[in-house]
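So the chains spell out like this:
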Amino acid sequence: MNFIISILFSGIAVSVIVLIPWICIGAIDGAFMRSLFGIIIPYAAIATFLIGIVVRVISWSRSPVPFRIPTTAGQEWSFPWIKSNPIDNPKGMGGVILRMIFEVLLFRSLFRNTRLEYLNDENGPKINYEWEKWLWLAALAFHYSFLVIFLRHFRFFLDPIPGFVHVLESLDGFMQLGIIPFNGFGMPGVYITDGLLLAAVTYLFVRRIYIHQVRYISLPADYFPLFIILGLGLTGVLMRYAIRVDITAVKELSISLFQFSPKVPDGIGVIFFIHLFLLCVLIAYFPFSKLMHMAGIFLSPTRNMANNNRFKRHVNPWNYPVKFHTYAAYEDEFREKMIEAGIPVDKGVEATSESGKKE
Amino acid sequence: MADTPKPEKTARINHIPPLMKGWMDTPVEIKPGIYCYGAKPKNTKAVGMPYPKEWNPTDDDWQLPENWKDIIDEGLRDRRDKYRSMKLFMDICVRCGACADKCHFFIGSGDPKNMPVLRAELFRSVYRKKFTLGGKIFGKFAGARDLDEDVLKEWWYYLYQCTECRRCSIFCPYGIDTAEVTILGRELTNLVGLNIDWIAGPVANCNRTGNHLGIQPHAYIDMLDFFVDEIEDITGLRMEPDINRKGAEILFVTPSGDVFADPGTFTAMGYLMLFHYLKSLGLDITWSTYASEGGNFGFFTSHEMAKRLNAKMYSEAERLGVKWILGGECGHMWRVINQYMDTFNGPPDFMEEPVSPITGTKFKNANATKLVHIVEFTADLMKHNKLKLDKSRNDHLKVTFHDSCNTARAMGFLEEPRYVLNNVCNNFYEMPPNTIREQTFCCGSGSGLNAGENMEVRMRGGLPRANAVKYVHEKFGVNMLSCICAIDRAVLPNSMDYWVPGVDVCGLHELVANALVFEGEKKRTLDLRAEYLPGMEDEEDV
Ligand code: HEM
Ligand code: SF4
Ligand code: SF4
C-alpha cells in the first residue's frame, strides 16, 4: 500500500459510483431504473444515514466515562487572585459549553496548529514552529460552504421557498450585482460557496499528497469522501452553469419524496441522477466512516468535561475494590528496623516476635 | 547497553517518511538505544502480574502464552466496553495530520510511527479488523490488519516510545488523546506479560516499601538526617522533621526520587526548610515512610495498578488521622491526583477541607480530593507575605521554567509556579511560546521511560525541550532550568548535558529555600548546593 494505490483505489471506486447511474439511466433507462435511483436508493440511503448515526452514538454512549480526563489548555481555577481560563480549562458546565461551541463552530484546537521546521547546521539543530493555519482555514471554508449549500437546497425541498433560503442566496450570490460579467450572458448568479467548497476540497486533497507526513498516514478512506464530495460539487455546479436540468421536475421529485408519496416525473437528465446517487453513497457511507467525527466531537471526554476533579467527585460506574499492600503488612515486615530507627509503630516489639512466629 | 551516539549524529534527522512504501508494509525493527529491557519475572511476580518470565525484546521468541491472541482480543473488548475514550478515539480520527509533527519523539527521531496519529493507527488497524464491517471486508484497503506477533511487537515498541504527555491532544480537532491509547495499549501488553523492567521494578518496590526506589524505612530516615546535617552546615539551623506521626494536621507526600538523587535532593531540602520555617507559625506536618511515594509507576502499567499504589495515600492519611494532604512537586503524581485519585479511592470523608494553618486560606479547589499542591500552598504564603525572602540570593542564576506535561495539560497549573518563581528570583526568562504552558514539551523520559538502556530515544525525545532551553541559554544566558517534577529533575540534567551543556536543573523549592531568610540563621554564604552565593566568593566558609 502506498499513496498511489490508495488514490487509485478510491478514484476507481468513485468512478464506478459515477458510472452506475450514468449507465443505468443514460443507457438502460426505463421506469424501474428511474424509481430505483430516484426513490428506492434515496430512501434506503437516508434510512441508513439516520439509523446508522443513532446506532453509533448509542453504542458510544453505552461505554461509560470512568475517569474525568479533560485536556487542559489554560490556567485552572484556583485562587481568586490568579486569572483562570474558563474556556480552555473549564471549571463547570458553562465553561464546557463555551469550549464546545468554540470547538464545533470555530475549530479552536485546529487553530493552534503549527508546522515543524527543522534545521541542522554547524550550530547544531534548530527547531521552529511556523505559522500554519491553512488546514484550519480550508476546514472552516469547507464545512461552512457545505452547510450553506445544504441549506440553499431547501429551495428544492419546500414550497413555498422558506425565507432563510432567499436571505442565504442573496448573501451567497452578492457577486451577481454586476461585479462579475457573467450576468449579462444569461448565466445564473455565481455562488461564492460553490467555488469555496470546490477549492477547499481540492486543497484538502492536494495537501494529502504534498505534505509528506499526511501522505504517509492517508488511507483510501481519506481520499474516498473527498472524491465523492468533489464529484457531488462538480455535478452540482455543472447542472447549474452548464448542463441544465428541468428544475421544476427535480423539485417535484424531491417534494414528493419528502411527502412520502414518491413519484419520478419525466424529463430529468442523467446528470441529476449522478448527483443524487453520489449524495446517497455519501450519506449511506457516513455512519460507517470517519465522517462520524461530526457526532463524535460532542462525546469526546478530553473536551466535554470540566477540570473540577479536585473539588467535585467523579464516579466510575464499574469501580471495583483492589487489594493493596496495607500499612499493617508493611509494619510487620519492617517493624524492627523502624523501632531501631526511632520511627513510631502501631504495634510494638512484641508484635515482631509474634508475626515471626506465625510465619 | 547501547552506546548513545554523539549529539551531532543524533541531530541528523529526516522527517520525510518513505514515499512508496506504506507503513503497514514496513515491519518493526527493535533497535538498541530505543527499547527498554523486558520486565524481570521477580518484579512482575511480586505484584501478581500475569506471565512473569525472563525475556529479551531482541529475541525472536517472546515466549507468549499460547492463547495470547484470545487474551488480547478479550482485553480489547473489555476496554472498548469500559472506556468511551477508547471506542471514540478508534472511530473518529480523520487523519488530518494536525497532531503529526507535535510529538517530541517524532521531532527528535523522524520515525514516522512516532507520529501520534500513526501510533494510534498501529492499534486502530487491528481494531478495525476485529470490530468494523469495512475492515473485515476491505482489509488493508480499509486500513485494517490482523494481529500477529510482528504487530504485537510493533505495538510494544511504540507504546513504550510514548510518554503519555498529551501534547498531541491539544492540537487534535476532536481532542483525540494518544496518551489514552497508549495507556490502554500498555494494559494489553501487560496482560500477556510484556512490561518493561524500568516500570515493573519501581512498581514492585513501591508496593512493598512504599516508594519506587525500594528505600526501607530506616534508610529513608537516614536520608532525611543527611539533609538535616547539610542544612545545618549551610544555615546553622537544625531541622526536625516528623515521620509517621499520628495526630499531625497535615500529611506530606512527595516523589521518592527527590529523597535519593541529585538534584532532586536539593528540592527535598527545600521542603524541610520551608516546613521548619513555618513551624513557629503553626504548621503541623508529618512525612510518612509507608506513603513515601507521590509518583505512581502503576499508572504506566494499568489503571488497576495505579489504583493499588495510590490507595496508600488515603489509607495512611486515615491511619495517622490527618486533616488533609500536601503533595510535593511532581508531574504524573498530579495527573493521578487531579484526574483519578478521588474516583479510584475516594471519597476521603475522614479528612476536612484543606485550610492553610498559616494564612487561613481555604483551598476550595481541593475540597473533594483534600490534596493541596505545595506550590499553591507556597504561592498563597507569598501572597500573604508570610515568608521573608531575599531574592538576590538567587542572583547567580538565570532561570527558565519547564512546565511538566501533566501539570500543564491534565491540570492547568501554569501561573502558580511562575508566581513563586518571580518571588524568589530576579532573573526569570520564558522559553518561546510554542514550547511552554499548555504547549509544553515533554522532558523526553516520562511515563516510566527514564531507563538507562534507552538513552538514545530519551535524548531524541528531549530535543525539542532542550532546543527551547538552548534558545534562552544563548539569548539571555539562562543557566538554570527549573521545574516542578521529580522525573524532570532526574532526567533533564542528562538531556541538558547532551544538548545544552552549561544548564543545570532544579526544583522550585530549592530556589525558595535559597531565598528564605530565617530568624537566627548564620550568615548565608552558600546555596543549597554548597556553592557560593553571589558576592560571597571571598567569605570564609565556617
Ligand atoms: C464539529 C466540528 C467539526 C470539526 C472540528 C471538523 C473537522 C474536520 C476536519 C479537520 C476535516 C478535514 C479532513 C481532511 O483533512 O481531509 C473534516 C472533514 C470533513 N468533515 Fe468535518 N468537522 C466537524 C464537523 C463536521 C460536520 C457537522 C460535518 C457534517 C456533515 C462534517 C463533515 C465532514 C466531511 C464530509 C469532511 C470531508 C471529508 C474528508 O476529508 O474525509 N464535519 N472535518
Ligand atoms: S489531529 Fe486528531 S483527527 Fe487529526 S490525525 Fe491527529 S488524532 Fe487524527
Ligand atoms: S502523548 Fe505525547 S508522546 Fe504520546 S504520542 Fe502524544 S505527543 Fe507523542
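Parameters at a glance
- Residues numbered from 1 in each chain as written.
- Chains lettered and ligands numbered in written order.
- Predicted model: local features only at pLDDT ≥ 70, side-chain atom pairs only at ≥ 80, totals over all residues.
- Heavy atoms only, no water.
- Helix = DSSP H or I, 4+ residues; strand = E, 2+ residues; numbered from the N terminus.
- Rg over C-alpha atoms; globule rule 2.2 N^0.38 Å.
- Buried < 20%, exposed > 50% of the residue type's maximum accessible area, 1.4 Å probe, protein only.
- Contact = heavy atoms within 4.5 Å.
- Buried area = accessible area lost by both parts, 1.4 Å probe.
- Salt bridge = Lys/Arg side-chain N within 4 Å of Asp/Glu carboxyl O.
- Polar contact = N/O pair within 3.5 Å; in protein donor to acceptor, adjacent residues only side chain to side chain.
- Nonpolar A, V, L, I, M, F, W, Y, C, P; charged D, E, K, R; others polar.
- Phe/Tyr/Trp six-rings, centres within 6.5 Å; stacked < 30°, edge-to-face > 60°.
- Lys NZ or Arg CZ within 6 Å of the ring centre and 35° of its normal.
- Near = heavy atom within 4 Å.
- Domains from an automatic or database assignment.
- Axes fitted to C-alpha atoms, helices over the stretch in contact; angles between N-to-C directions.
- Parallel < 35°, antiparallel > 145°, perpendicular 65-115°, else oblique.
- pLDDT = per-residue confidence, 0-100.
- 1 Å grid on protein atoms, 1.4 Å probe; cavity = no way out; pocket = protein on both sides within 12 Å on 5 of 7 lines; lining within 4 Å.
- Points joined across faces, edges and corners; volume = space filled by probe spheres on them.
- Donors = N, O, S within 2.8 Å, 3.2 Å for Na, K, Ca; no water.
- Tetrahedral: all angles 85-135°; square planar, octahedral: opposite > 155°, others 65-115°.
- Patch = residues over 30% accessible without salt bridge, like charges linked within 9 Å, V, L, I, M, F, W, Y side chains within 5 Å.
- Areas by Shrake-Rupley, 256 points an atom, 1.4 Å probe, with all protein chains shown as cover.
- Lys, Arg positive; Asp, Glu negative; His and termini not counted.
- Charge placed at Lys NZ, Arg CZ, Asp CG, Glu CD.

With that out of the way, let us pick up the overall build of chain B. For chain B, the helix and strand inventory stands at 22 helices and seven strands. At 24 Å, chain B has a C-alpha radius of gyration in line with the 24 Å of a compact globule built from 542 residues. Each of the three principal axes of chain B carries a C-alpha extent, and together these read 80 × 50 × 40 Å. Looking at chain B as a whole, 70% of its 542 residues qualify as buried. Nonlocal contacts in chain B, meaning residues at least 24 apart in sequence, comprise 76% of its contacts between residues at least 6 apart.

Before going further, it helps to spend a moment on the interface of chain A and chain B. Counting residues at the interface gives 98 residues for chain A, matched by 123 residues for chain B. For the pair chain A and chain B, the two sides together bury roughly 9600 Å², of which 59% comes from carbon and sulfur. When residues of chain A are sorted by the area they lose upon contact with chain B, A:Met1, A:Tyr216 and A:Arg310 head the list and together hold 10% of the total. The tally of links between chain A and chain B comes to seven salt bridges. Note that A:Arg56 is salt-bridged to B:Asp91, the shortest N-O span being 3.3 Å. Across the contact surface, chain A and chain B share 69 residue pairs in polar contact (both at pLDDT 80 or more). The residue inventory of the side of chain A that touches chain B, partitioned by class, reads 48 nonpolar, 30 polar and 20 charged.

Attention shifts here to the packing of aromatic side chains. Evaluation of the coordinates by the stated rule reveals 55 aromatic pairs over all chains. Taken together, the aromatic side chains of A:Phe67, A:Trp318, A:Tyr320, B:Tyr83, B:Phe297, B:Phe299, B:Phe300, B:Tyr340 and B:Phe344 make up a single cluster linked through ring pairs. Just above the ring of B:Phe171 sits the side chain of B:Lys102; from NZ or CZ to the centre is 5.1 Å.

Looking now at the site of ligand 1. Among the 20 residues in the neighbourhood of ligand 1, the closest are listed as A:His143, A:Arg208, A:Lys290, A:His293 and B:Tyr174. One chain alone does not account for the residues near ligand 1; they come from chains A and B. The side chain of A:Arg208 places a nitrogen or oxygen atom 3.0 Å from an oxygen atom of ligand 1. Between ligand 1 and the protein, one listed contact pairs a nitrogen atom with a side-chain N or O atom of A:His293 at 2.9 Å. Sorting the residues of the shell around ligand 1 by element identifies helix H5 (134-152), helix H8 (192-210), helix H10 (220-241) and helix H13 (293-299) of chain A as the ones contributing at least two each. Class assignment for the residues of the shell around ligand 1 results in 15 nonpolar, two polar and three charged.

Before going further, it helps to examine the site of ligand 3. All names here are of chain B. For ligand 3, the full set of nearby residues is Cys103, His104, Pro116, Arg119, Cys162, Thr163, Glu164, Cys165, Arg166, Cys168, Thr178 and Ala179. Of all the secondary structure elements, the ones that give two or more residues to the shell around ligand 3 are helix H6 (116-131) and helix H10 (178-191). Considering only residue class, the shell around ligand 3 consists of six nonpolar, three polar and three charged.

Once that is clear, we can look at the domain arrangement of chain B. All names here are of chain B. What the domain assignment reports for chain B is domain 1 (12-30 + 50-194) and domain 2 (203-515). Here the C-alpha centroids of domain 1 and domain 2 sit 32 Å apart. Of the residues lining the interface, 24 residues belong to domain 1; the matching set on domain 2 comes to 28 residues. Buried area between domain 1 and domain 2, summed over both chains or domains, comes out near 2100 Å², and the portion from carbon and sulfur atoms is 59%. The largest share of the area that domain 1 buries against domain 2 comes from His104, Arg166 and Arg167, three residues that together contribute 26% of it.

Another aspect to go through is the domain arrangement of chain A. Domain boundaries in chain A define domain 1 (2-299) and domain 2 (327-358). Taken over C-alpha atoms, the centre of domain 1 of chain A sits 69 Å from the centre of domain 2 of chain A.

Residues and elements named next belong to chain B. Packing of helix H15 (residues 303-320) against helix H16 (residues 332-345) brings their axes to within 9 Å, and their N-to-C directions diverge by 85°. On the basis of their axis angle, the class for H15 and H16 is roughly perpendicular. Facing H15, whose interface residues are His303, Ala306, Lys307, Asn310, Ala311, Met313 and Tyr314, H16 presents Val336, Tyr340, Met341, Asp342, Phe344 and Asn345.

Most peptide bonds adopt trans geometry, and most residues besides glycine take a negative phi value. With an omega of 0°, the peptide bond between A:Asp159 and A:Pro160 qualifies as cis. Omega for the bond connecting B:Asp262 with B:Pro263 falls within 30 degrees of zero, at -5°, which places this linkage in the cis form. Looking at where B:Pro263 falls in the secondary structure, it is placed in the loop between helix H13 (257-260) and helix H14 (264-279). One non-glycine residue, A:Phe107, adopts positive backbone phi at about 55°.

So, on to the confidence of the model for chain B. On average, residues of chain B score 95 in pLDDT, and 99% of them reach the 70 mark or higher. Across the predicted assembly, pTM comes out at 0.94 and ipTM at 0.93.

This part is about the layout of surface pockets. Here the second largest pocket is characterised by a volume of approximately 990 Å³. Among the elements of the structure, helix H1 (3-28), helix H2 (31-62), H10 and helix H12 (270-285) of chain A together with helix H4 (84-91), H6 and helix H7 (133-138) of chain B are those that each provide at least two residues to the lining of the second largest pocket. Grouping the constituent residues of the lining of the second largest pocket by class yields 20 nonpolar, seven polar and eight charged.

Residue and element names in this part refer to chain A. Here the iron atom of ligand 1 is held by His143 (NE2) and His293 (NE2), and the distances to it run 1.9 to 2.1 Å. Relative to the metal, the six donor atoms surrounding the iron atom of ligand 1 lie at angles of 88 to 180°, and the coordination shape comes out octahedral. In this pair, histidine 143 is assigned in helix H5 and histidine 293 in helix H13, connecting sequence segments 150 residues apart. You can call histidine 293 buried: its relative accessible area is 14%.

Applying the stated criterion across every chain, the model contains 52 salt bridges over all chains. As a salt-bridge pair, A:Asp29 and A:Arg34 come within 2.8 Å of each other at their nearest N and O atoms. The exposure class assigned to A:Asp29 is partly exposed, which follows from its relative accessible area of 30%. By relative accessible area, which is 16% here, A:Arg34 ends up buried. Residues joined in a network through salt bridges with shared partners are A:Asp222, A:Lys290, B:Arg95, B:Glu121, B:Arg124 and B:Arg128.

So, on to a negative patch on the surface. A surface patch of like charges, here negative, comprises B:Asp59, B:Asp60, B:Asp61, B:Asp146, B:Asp148, B:Glu149 and B:Asp150. On the basis of relative accessibility, which here comes to 51%, the residue B:Asp146 falls in the exposed class.

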